[in-house]
Amino acid sequence: AEEDLLRGVAARAVAEAERIRNDASRQRAESHGAEGGTDPLLASADLRDREARRLEEEARRADAQRRADEGRRLTADARLKRIAEVTRAAALAAASPQDKALQAPLGEALHDADPAVRAVASAAFARLGAASEESLLAAAQDPRPEVRRAAVQGILSARLGSAGAIDALRALSTDPDRDVRLD
């Protein structure tokens, strides 16, 4: 509805600009034969021409805003779709925790550009426990705290006791983010 409104505003502004420009051209043509000084019709035509340019610029801005809003909506939709894909992959991997092939999409998701996707993948590996120790240790080194937090929860819930898991927990106990630290 908002997009239709913006399109309507832009279309009306362009139509109004065109009408003003046509009136200005007609007035110039009528005043072309006037003698001496500044013709009021010509001055009025110039004002209308400036107004037409202003309206056209307003229409361009409204159209640019509409395109930016559409881009943000598409980006949000793509992000939600990617999180849903990772959640589906997590459910499949949870059904067969020893099947490494089902864990592959989750491993790829740990390297996704979106930290929310990485956090979902890390949480999924947490539910898989020991079968995903390598992935949990990698997630424990992620730059985003929500991913590291999910890794800590996974290491603890799986009761991983390997040297790598203990080292990771020791390092995370001094994490700059309070929610990650083991206080």
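For every chain, the first residue of its written sequence is number 1, and the numbers climb from 1 along that sequence. Confidence filtering applies because this is a predicted model: local features only for residues at pLDDT of at least 70, side-chain atom pairs given and counted only at 80 or more, and all residues used for totals across whole chains, interfaces and linings. To get the side-chain values, all heavy atoms of the structure are used, and hydrogens and water are removed first.

### Concerning the nonpolar core
In step 1: One finds Val86, Leu106, Phe125 and Ile155 to be the most contacted residues of the largest nonpolar core, which totals 26 residues.
In step 2: Secondary-structure elements contributing two or more residues to this core are helix H2 (40-95), helix H3 (100-109), helix H4 (115-128), helix H5 (133-139), helix H6 (145-157) and helix H7 (163-172).
In step 3: With seven residues, H4 is the largest single contributor of residues to this core.
In step 4: Beyond its immediate stretch of four places on either side in the chain, Leu106 contacts Val86, Ala89, Ala90, Ala93, Ala121, Ala124, Phe125 and Leu128. Definition of nonpolar core: a set of buried residues of the types Ala, Val, Leu, Ile, Met, Phe, Trp, Tyr and Cys, connected through side-chain atoms within 4.5 Å. Burial here depends on accessible area, computed with a 1.4 Å probe over protein chains only, as a share of the maximum for the residue type. Under 20% is buried, over 50% is exposed, and the range in between is partly exposed. Numbering of helices and strands runs from the N terminus, with a helix taken as a DSSP run of H or I at least four residues long and a strand as a DSSP run of E at least two residues long. Contacts: residue pairs with any heavy atoms within 4.5 Å of one another.

### As for the environment of Glu134
In step 1: By secondary structure assignment, the location of Glu134 is in helix H5.
In step 2: Overall, Glu134 belongs to the exposed group, its relative accessible area being 70%.
In step 3: Glu134 sits 27 residues away from Gly107 along the chain, and the two C-alpha atoms are 9.7 Å apart.

### Thoughts on H3
In step 1: Listed as buried for H3 are Gln103, Leu106 and Ala109. Axial view of H3: buried residues confined to an arc of 95°, hence all on one face. With respect to the buried face of H3, the exposed residues turned more than 90 degrees away are Lys100, Ala101 and Glu108. In this description, the arc belongs to the directions extending from the helix axis to the C-beta atoms.

### Brief notes about the side chain of Arg148
In step 1: Its location among the elements puts Arg148 in helix H6.
In step 2: Residue classification places Arg148 among the buried positions, given a relative accessible area of 10%.
In step 3: Two N or O atoms form a polar contact when they lie within 3.5 Å of each other; inside protein one atom must be a possible hydrogen donor and the other a possible acceptor, and for residues adjacent in sequence the pair counts only when both atoms belong to side chains. Reaching out from Arg148, the side chain makes a polar contact with the backbone oxygen of Asp142 at a distance of 2.9 Å.
In step 4: Sequence-distant contacts of Arg148, defined by excluding residues within four places in its chain, comprise Ala139, Ala140, Asp142, Pro143, Leu172, Asp175, Asp177 and Val180.

### Describing the packing of H6 against H7
In step 1: Axis lines are fitted to C-alpha atoms, over the contacting stretch for helices. Their N-to-C directions set the angle, which ranges from 0 to 180 degrees. In the contact formed by H6 and H7, the axes pass within 11 Å of each other and the chain directions differ by 135°. In terms of their interaxial angle, H6 and H7 are classed as oblique. The two elements H6 and H7 meet at a crossing, and its hand is left-handed. Contact residues: Arg148, Val152, Ile155 and Leu156 in H6; Ala165, Ala168, Leu169 and Leu172 in H7.
In step 2: Only Asp, Glu, Lys and Arg are considered charged in this grouping, and only Ala, Val, Leu, Ile, Met, Phe, Trp, Tyr, Cys and Pro are considered nonpolar; every other residue, Gly among them, is considered polar. Residues belonging to the contact of H6 with H7 are distributed by class as follows: seven nonpolar, no polar and one charged. In this scheme, roughly parallel covers angles under 35 degrees and roughly antiparallel covers those over 145, while 65 to 115 is roughly perpendicular and the rest are oblique. With the far helix as reference, a near helix turned anticlockwise by less than a right angle produces a left-handed crossing, and one turned clockwise produces a right-handed crossing.

### A closer look at the pattern of salt bridges
In step 1: Any carboxyl oxygen of Asp or Glu that lies within 4 Å of a side-chain nitrogen of Lys or Arg is treated as forming a salt bridge with it. Summed over the entire model, instances satisfying the criterion amount to eight salt bridges.
In step 2: Between Arg61 and Glu57 there is a salt bridge, and its shortest N-O distance comes to 3.6 Å. Linking Arg61 with Glu57, this pair stays in helix H2, spanning four residues, or about one helical turn.
In step 3: Accessibility expressed as a relative area gives 32% for Glu57, which makes it partly exposed.
In step 4: Linking Asp167 and Arg170 is a salt bridge whose minimum nitrogen-to-oxygen distance equals 3.3 Å. In this pair, Asp167 and Arg170 both sit in helix H7, three residues apart, roughly one turn of the helix.
In step 5: Residue classification places Arg170 among the exposed positions, given a relative accessible area of 54%.
In step 6: One salt-bridge network, held together by shared partners, links Arg82, Glu85 and Asp112.

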